[in-house]
Amino acid sequence: MRKVTSLALISLGLFATGQSKQQKTMNQSHNTSKVTNNSVSSQNPLLRKSTLQYQAPEFDKIKDENFKPAFDYGIKEQLKEIDAIANNSEAPTFKNTILALETSGRDYARAILVFSNLNSANTNPTLQKLDEEYAPIFAAHADKIYLNTKLYNRVKKVYDQRNSLNLDQESLRLVEVYEQKFEIAGANLSDAKKQELKQINGQLATLSSAFNNKLLAARKAGALIVSDVKELDGLSQDEIAAAAQDAKNAGQDGKYLLALQNTTQQPLLQNLKNRATREKLFKAAWTRAEKGDENDTRATLEKIAALRLKKAQLLGKKSFSEWALQDQMAKTPEAAMDLLAKLAAPAVKKAKEEASEIQQLIDKQNGGFKLEPWDWNFYAEQVRKAKYDLDENQIKPYFEVTTVLEKGVFYAAEKLYGLKFKERKDLPVYHPDVVAYEVFDRDGKSIAIYYLDFYTRDNKNGGAWMSNFVEQSHVLGQKPVIVNVFNYQKPAPGKSSLISYDDVTTMFHEFGHSIHGMFADQKYTTLSGTNVPRDFVEFPSQINEHWALEPSVLKNYAVHYQTKQPIPQELVDKLKKSKTFNEGYAVTELLAAATLDMAWHSITSESQLKPANDFETEALKKYGLLVNEVPTRYHSPYFLHIWSNGYASGYYAYMWSEMLDFNAYDWIEKHGGLTRENGDRFRKYILSVGNSVDLNKTFKEFNEKSPTIDPLLEGRGLK
């Protein structure tokens, strides 16, 4: 996942207007006027350029107490810059309006990028309190930029004259993007409607922050505590030891704690033999945020949905989805839903066939029960073993986390793009688990700093993502500083960190986002790297997953952690043959989540809203995706992507990007596969262009034709 914390979205508005929070504390007594340059910026590490390479954050100097004064000062200084642009007596030009806007707010952006990443990956009560306090303030700050009539009029004049300004292609694109952002944000509304919009944005901001904090607490509190080790039959000794350590850390010494992942299904369900334990773990995950306590998210998300509809209609659109998709590749909710609908029938059909196979196995074993969601992974693994003679526990010893990274992910990047990586133990990190690397290009020049944060913590958001601490920009003289965050289970002390093949593909996936950011080659951060439409941003990450199974790459990293022997070809063959195994389930659970997202945001009247669980059930039933054995990948009460992480009306993007992915990979396979020539071509047309060009056009130039759904259906085993 590409987390929406980019400088372009945060410092210049779309972050706050897209994920807004309650403006209950947006009083003008929030005094920034008392902050002076001398008293703050000289001592605050967030208000000066880092002296570390590429301005990497000085985590050894940054303290929680630095954020509040940095926010206040940064907001104050950017508003001075905005006021100067808007009230400039000279005629608007690219330089005094668009470029001035683009380069404003550097201190604010620096503080926000660091804060957003730390609050997601290593939060604490202080940061969470700051998040809720400042969410409406950030939203209001964005509104002061994008709803500024004088500023909009200057941007509009430059836009109207753009073809006569003799601008280079990227500068022309920047003008067009800014004009569109102002229009989408509501810059052309009346003053009265702007005031109403500001209130809505403030309310949404607070609700979004509250949802995030409630869910983090619910995830922590929802962990399953097991007293008898016999209930963990099927887990490895290392997994049991890790569960014991987690319980001890949580003050439950002598017991076992099974922490929750962000998704509906939990990884440990695959191996737990005790059906009662599986059911308890599944239900702990499913109900984590709907217990009627202070961590219950349902009322919060219902308010968010209603306010998003109100916002969209204030902006002249029928639904939030119609408003949100204006600048995406799909353009309309109808186009997005058309793709999901074309996939739904074959995916559900395949999932029901898979369910039938699993039920047959249960009956053969005299199970005496009907397949339930908590049984799927446990018995699917047995079906896979029977069909392909492949056991996850056979292959896991070949996937040690650092070896996968350095001998797999980095190795493929070297073969495709000529990259080299050097571990940097001298750079400060925000948690002891974090590691850092310097990245060198094909000509030996250093191009980026890259951090990785592998292990789950109870103060870390669920899932996996990529984000920037510093975004690339030639105008600002910045190179990318990037982080990948994961939630792998941390091994017990002294034990090797072994991950599943799904975890392996997750690592390749997130690195695909990172390399998209590393190859950024733009003048302007707004157009740089991964600052592209949501339904394009997952494309580079998804196509990078394919290299995990490429023979030369797999042989290089799949080495037994004890014997150091490479994975036997017999296991490789089994792994490849099972590649499309369980794809009916995988696609159906993802389609259910994407459809659920579109349903929540396609309502055209508040009367269509119902209590969260009822709404979800009816929406999935309507689209034929209410399959008892295949629950949605994200249940509405913990659908973090859409209620707090910027994917509202955008979760379909995974399937849209995957359509691009399978089309492009098909082209690459037909032209030699893993070669530097293909890597350089992909870099030229896809990875290095950011949002500086028409992405539909550049994809067609790479692929030599427009994308179709057929390669996706075939690649997913649904054809």
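Residues numbered from 1 in each chain as written. Predicted model: local features only at pLDDT ≥ 70, side-chain atom pairs only at ≥ 80, totals over all residues. Heavy atoms only, no water.

A. Summary view of the overall build of the protein. In terms of regular secondary structure, the protein is built from 29 helices and 7 strands. For 719 residues, the compact-globule estimate of 2.2 N^0.38 gives 27 Å, and the protein sits close to it at 25 Å. A principal-axis box enclosing the C-alpha atoms of the protein has dimensions of 80 × 55 × 50 Å. Total accessible area on the protein stands at roughly 27500 Å², and carbon and sulfur atoms take up 48% of it. Here the protein contributes 93 positively and 91 negatively charged side chains, and the mean placements of these two sets differ by 2 Å. (Helix = DSSP H or I, 4+ residues; strand = E, 2+ residues; numbered from the N terminus. Rg over C-alpha atoms; globule rule 2.2 N^0.38 Å. Areas by Shrake-Rupley, 256 points an atom, 1.4 Å probe, with all protein chains shown as cover. Lys, Arg positive; Asp, Glu negative; His and termini not counted. Charge placed at Lys NZ, Arg CZ, Asp CG, Glu CD.)

B. Structural context of the pattern of salt bridges. Counted by the stated rule, this structure contains 40 salt bridges. Residues Asp375 and Arg278 are paired through a salt bridge, measuring 2.8 Å at the closest nitrogen-oxygen approach. Separated by 97 residues along the polypeptide, Asp375 in helix α16 (residues 373-388) and Arg278 in helix α12 (residues 275-286) bring together distant segments of the chain. Taken together, the salt bridges that share partners define one network made up of Asp433, Asp453, Arg457, Lys460 and Lys490. (Salt bridge = Lys/Arg side-chain N within 4 Å of Asp/Glu carboxyl O.)

C. Representation of the nonpolar core within the structure. In this structure, Phe399, Tyr451 and Tyr557 are the most contacted members of the largest nonpolar core, which totals 192 residues. Among the elements that line this core, the one with the most residues is helix α15 (residues 333-364), at 13 residues. Each of domain 1 (42-187) and domain 3 (321-369 + 584-629 + 643-716) accounts for three or more of the residues forming this core. With residues up to four places along the chain from it excluded, the contact list for Tyr557 reads Tyr398, Phe399, Thr403, Val404, Lys407, Gly408, Tyr501, Val504, Phe508 and Ala548. (Core = buried A, V, L, I, M, F, W, Y, C linked by side-chain atoms within 4.5 Å. Buried < 20%, exposed > 50% of the residue type's maximum accessible area, 1.4 Å probe, protein only. Domains from an automatic or database assignment. Contact = heavy atoms within 4.5 Å.)

D. Representation of the domain arrangement of the protein in the model. Annotation of the protein at the domain level lists domain 1 (42-187), domain 2 (223-287) and domain 3 (321-369 + 584-629 + 643-716). Its C-alpha centre places domain 1 at a distance of 32 Å from the equivalent point of domain 3. With 6 residues of domain 1 at the interface, the matching set in domain 3 holds 6 residues. Together, the buried faces of domain 1 and domain 3 total about 590 Å²; carbon and sulfur atoms form 49% of this surface. Contact with domain 3 buries surface across domain 1, with Gln169, Arg173 and Ile184 losing the most and accounting together for 73% of the total. Where domain 1 meets domain 3, there are 0 salt bridges. (Buried area = accessible area lost by both parts, 1.4 Å probe.)

E. View of the UniProt feature "domain: Peptidase M3A/M3B catalytic" (unreviewed entry) in the protein. Under the present numbering, the feature "domain: Peptidase M3A/M3B catalytic" (unreviewed entry) in UniProt falls on residues 269-717. Structurally, residues 269-717 comprises 51% helix and 8% strand, and the distance from its first C-alpha atom to its last is 24 Å. (UniProt positions renumbered as here; feature names shortened; annotations may be inferred.)

F. Region of the structure containing helix α4 (residues 67-86). The terminal C-alpha atoms of α4, which comprises 20 residues, lie 28 Å apart, in line with the 28 Å expected from a rise of 1.5 Å per residue. All of the buried residues in α4 are Phe67, Ala70, Phe71, Asp72, Tyr73, Gly74, Ile75, Lys76, Gln78, Ile82, Ile85 and Ala86. (Expected span 1.5 Å × (residues − 1).)

G. Structural context of the packing of helix α10 (residues 191-221) against helix α13 (residues 298-314). Two numbers describe how α10 lies on α13: the axes approach to 9 Å, and their chain directions differ by 155 degrees. Considering the angle they form, α10 stands roughly antiparallel to α13. As α10 packs across α13, the resulting crossing turns out to be left-handed. Residues Lys193, Glu196, Leu197, Ile200, Asn201, Gln203, Leu204, Leu207, Ser208, Phe211 and Lys214 of α10 pack against Thr300, Leu301, Lys303, Ile304, Leu307, Arg308, Lys310, Lys311 and Leu314 of α13. Here the residues of the contact of α10 with α13 sort into 9 nonpolar, 4 polar and 7 charged. (Axes fitted to C-alpha atoms, helices over the stretch in contact; angles between N-to-C directions. Parallel < 35°, antiparallel > 145°, perpendicular 65-115°, else oblique. Left-handed = near helix turned anticlockwise from the far one by under 90°. Nonpolar A, V, L, I, M, F, W, Y, C, P; charged D, E, K, R; others polar.)

H. Examining the packing of aromatic side chains more closely. For the structure shown, the criterion picks out 52 aromatic pairs. Ring geometry for Tyr146 and Phe182: centres 4.6 Å apart, planes at 40 degrees, overall tilted. Of this pair, Tyr146 sits in helix α7 (residues 125-146) while Phe182 sits in helix α9 (residues 169-185); the two residues are 36 residues apart in sequence, bridging distant segments of the chain. For the residue pair Tyr146 and Phe182, the accessibility class agrees, reading buried in each case. (Phe/Tyr/Trp six-rings, centres within 6.5 Å; stacked < 30°, edge-to-face > 60°.)

I. Fine view of the sheet that holds strand β7 (residues 481-488). Strand order in the open sheet formed by 5 strands is β3-β4-β5-β7-β6, and the pairing between neighbours is mixed. Looking along the sheet, the strands with just one partner apiece sit at the ends: β3 (420-423) and β6 (465-470). Across the sheet, the mean angle from the axis of one strand to that of its neighbour is 30 degrees, orientation sign disregarded. Those strands touched by helix α18 (residues 401-417) are β3, β4 (435-440), β5 (446-455) and β7, and its axis lies near 150 degrees from that of β5. (Pairing = 2+ DSSP bridges.)

J. Spotlight on unusual backbone geometry. Its identity is not glycine, yet Asp389 carries a phi of approximately 55 degrees, on the positive side. With respect to the element layout, Asp389 can be found in the loop between α16 and α17 (392-395). A residue is classified by how much of its surface remains accessible, and Asp389, at 41% relative accessible area, is partly exposed. You will see that Lys564, though not glycine, has its phi angle at about 65 degrees, which is positive. Within the fold, Lys564 resides in the loop between α21 (551-557) and α22 (569-577).

K. Focus on the environment of Glu629. Here Glu629 lies in the loop between α24 (612-622) and α25 (640-643). For the pair Glu629 and Gly462, spaced 167 residues apart in sequence, the C-alpha to C-alpha distance is 23 Å. In this view, Glu629 contacts Lys370, Leu371, Pro373, Trp376 and Tyr585; residues no more than four positions away in its chain are not counted. Within the local environment of Glu629, its side chain forms a polar contact with the side chain of Lys370, the two groups lying 3.3 Å apart. (Polar contact = N/O pair within 3.5 Å; in protein donor to acceptor, adjacent residues only side chain to side chain.)

L. Spotlight on the side chain of Arg424. Within the secondary structure, Arg424 is located in the loop between β3 and β4. In terms of polar contacts, Arg424 uses its side chain to reach the side chain of Glu438, at 2.9 Å. Once residues lying within four places of it in the same chain are set aside, the contact partners of Arg424 are Gln53, Ala436, Tyr437, Glu438 and Ile449.

M. Up close: the environment of Thr402. Inspection of the secondary structure assignment puts Thr402 in helix α18. Among the residues examined, Thr402 registers a relative accessible area of 33% and is labelled partly exposed.

N. Fine view of the packing of α7 against α10. In the contact formed by α7 and α10, the axes pass within 8 Å of each other and the chain directions differ by 155 degrees. As far as their axial angle goes, α10 and α7 are roughly antiparallel. The crossing of α7 and α10 is right-handed. From α7, Gln128, Asp131, Glu132, Ala135, Pro136, Ala139 and Asp143 reach across to α10, where they touch Leu197, Lys198, Asn201, Gly202, Ala205, Thr206, Ser209, Ala210, Asn213 and Leu216. Broken down by class, the residue content of the contact of α7 with α10 amounts to 7 nonpolar, 6 polar and 4 charged.

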